[in-house]
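Examination of the molecular architecture
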Amino acid sequence: MIKEYIWGTEDWLYKKDGLLIKEIVSNDKLSVQVHPDDKYANTKGLSNGKTECWYVKDAKEDAFVYCGFFAGLTPKEVLIRETLSDGHFEMLLNKVFVKKGDFIFIPAGTVHAIGGGCTIIEVQQDSNTTYRFYDYNRLGTDGKPRELHIEDAIASIKENEIYGKCDLPFSCEYFSVALEGNNLKVIQNDKVVFETEV
């Protein structure tokens, strides 16, 4: 079922055994957000956090994503709060231009956002826990500013060694992703659980 949002659409393709796979079409930027790791999620009474990855199925010219902070350096908390307050938070982010065929790894604790003009296959731990840092001062469908989760977002930041653009095949502790010809395959416990033409 395709769900419509203010920024575009998402279609849930697979949901089983702790994995959720979606196709996201972004007509506008998604909110700047971060997902908690399993440990932080557990402190909130949640069963797991959310590590995810993106395969860029299509992208318009100059399409981009945000992934991590600029120069790989996590800013001091006071600077994060100041730029959130004055509307300059995007200046702290690492902007990554993307094209069809790129693969982006977003481990839990990595600040990120999908820019407009992207069609992305997203593979993730099955969790709907998202902490929004920033949403460009947009209003939701109810005409009110969308909810932010600044305290949880700051607490969830981690300095991950591996994130951003990576080569396929790729594996993390929750899933593996491989490309064979035009087929994108998602593997869990040494078994292909999802496959789609890209």
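Just above, that's the structure.
Notes on the structure in this doc start here. In this text, all values refer to a predicted model and were calculated from it rather than measured experimentally.

This part takes up the overall build of the chain. For the chain, the count of helices and strands is 3 helices and 16 strands. Since a compact globule built from 198 residues should have a radius of gyration of about 16 Å, the 16 Å found for the chain is in line with a globular shape. Based on the C-alpha atoms only, the size of the chain along its principal axes is roughly 45 × 35 × 35 Å. Averaging the locations of the 23 positively and 32 negatively charged side chains of the chain gives two centres separated by 2 Å.

What follows covers the sheet that holds strand E13 (residues 170-171). The strand order across the open sheet formed by 4 strands is E13-E14-E15-E16, and the pairing between neighbours is antiparallel. Strand pairing shows two members of the sheet lacking a second neighbour, E13 and strand E16 (191-197), which therefore form its edges. Where strand E14 (residues 176-180) and strand E15 (residues 183-188) come together, 5 bridges link them in antiparallel fashion. By the bridge assignment for E15, valine 177 is matched with valine 186.

Moving on, we get to the sheet that holds strand E1 (residues 2-5). Taking strand neighbours across the sheet as the criterion, the 7 strands line up as E1-E2-E3-E10-E5-E8-E12 in an open arrangement whose pairing is antiparallel. The open sheet terminates on both sides in strands that have one partner only, identified here as E1 and strand E12 (164-165). With 7 bridges connecting them, strand E5 (residues 52-59) and strand E10 (residues 118-125) associate as antiparallel partners. In the sheet register, tyrosine 55 faces E10, and the bridge partner there is isoleucine 121.

What follows deals with the packing of aromatic side chains. Tallying each qualifying case throughout the model produces 11 aromatic pairs. Taking 5.4 Å as the distance between ring centres and 45° as the angle between the ring planes, the aromatic pair formed by phenylalanine 103 and phenylalanine 170 counts as tilted. With phenylalanine 103 in strand E8 (residues 103-106) and phenylalanine 170 in strand E13, this pair connects stretches of sequence that are 67 residues apart. Across this residue pair, the class does not change: phenylalanine 103 and phenylalanine 170 are buried. Aromatic ring contacts, followed pair by pair, group Phe69, Phe89, Phe133, Tyr134 and Tyr136 into a single cluster.

Okay, the side chain of histidine 149 next. Within the fold, histidine 149 resides in the loop between strand E11 (131-134) and helix H3 (150-156). Polar side-chain contacts of histidine 149 include one of 2.9 Å to the backbone nitrogen of arginine 132. In contact with histidine 149, other than residues within four places in its own chain, are Thr130, Tyr131 and Arg132.

On to the environment of aspartate 11, then. Note that aspartate 11 resides in strand E2 (residues 8-16). Through-space distance from the C-alpha of aspartate 11 to that of methionine 1 is 5.7 Å; in sequence the pair is 10 residues apart. Non-local contacts of aspartate 11, meaning those with residues more than four positions away in its chain, are made with Met1, Ile2, Ile21, Lys22 and Glu23.

Time to look at the pairing of E1. Pairing geometry for E1 and E2, over 4 bridges, is antiparallel. Considered in E2, the bridge of isoleucine 2 is made with aspartate 11. In this structure, the hairpin formed by E1 and E2 is closed by a connection of 2 residues.

Another aspect to go through is unusual backbone geometry. In this structure, the amide linkage connecting leucine 168 to the following residue, proline 169, adopts the cis form with an omega of 0°. Residue position: proline 169 is located in the loop between E12 and E13.

Once that is clear, we can look at helix H2 (residues 77-86). Residues of H2 that are buried: Ile80, Thr83 and Leu84. The buried side chains of H2 occupy one side of the element, clustering within an arc of 105° when seen end-on. When the buried face of H2 is taken as reference, the exposed residues oriented beyond 90 degrees from it are Val78 and Ser85. On the buried face of H2, the contacting elements are strand E6 (64-69), E11 and H3. One or two positions beyond H2, positive phi appears at glycine 87, with a value near 80°.

Rules behind the numbers
- Residues numbered from 1 in each chain as written.
- Predicted model: local features only at pLDDT ≥ 70, side-chain atom pairs only at ≥ 80, totals over all residues.
- Heavy atoms only, no water.
- Helix = DSSP H or I, 4+ residues; strand = E, 2+ residues; numbered from the N terminus.
- Rg over C-alpha atoms; globule rule 2.2 N^0.38 Å.
- Lys, Arg positive; Asp, Glu negative; His and termini not counted.
- Charge placed at Lys NZ, Arg CZ, Asp CG, Glu CD.
- Pairing = 2+ DSSP bridges.
- Phe/Tyr/Trp six-rings, centres within 6.5 Å; stacked < 30°, edge-to-face > 60°.
- Buried < 20%, exposed > 50% of the residue type's maximum accessible area, 1.4 Å probe, protein only.
- Polar contact = N/O pair within 3.5 Å; in protein donor to acceptor, adjacent residues only side chain to side chain.
- Contact = heavy atoms within 4.5 Å.
- Arc of directions from axis to C-beta.

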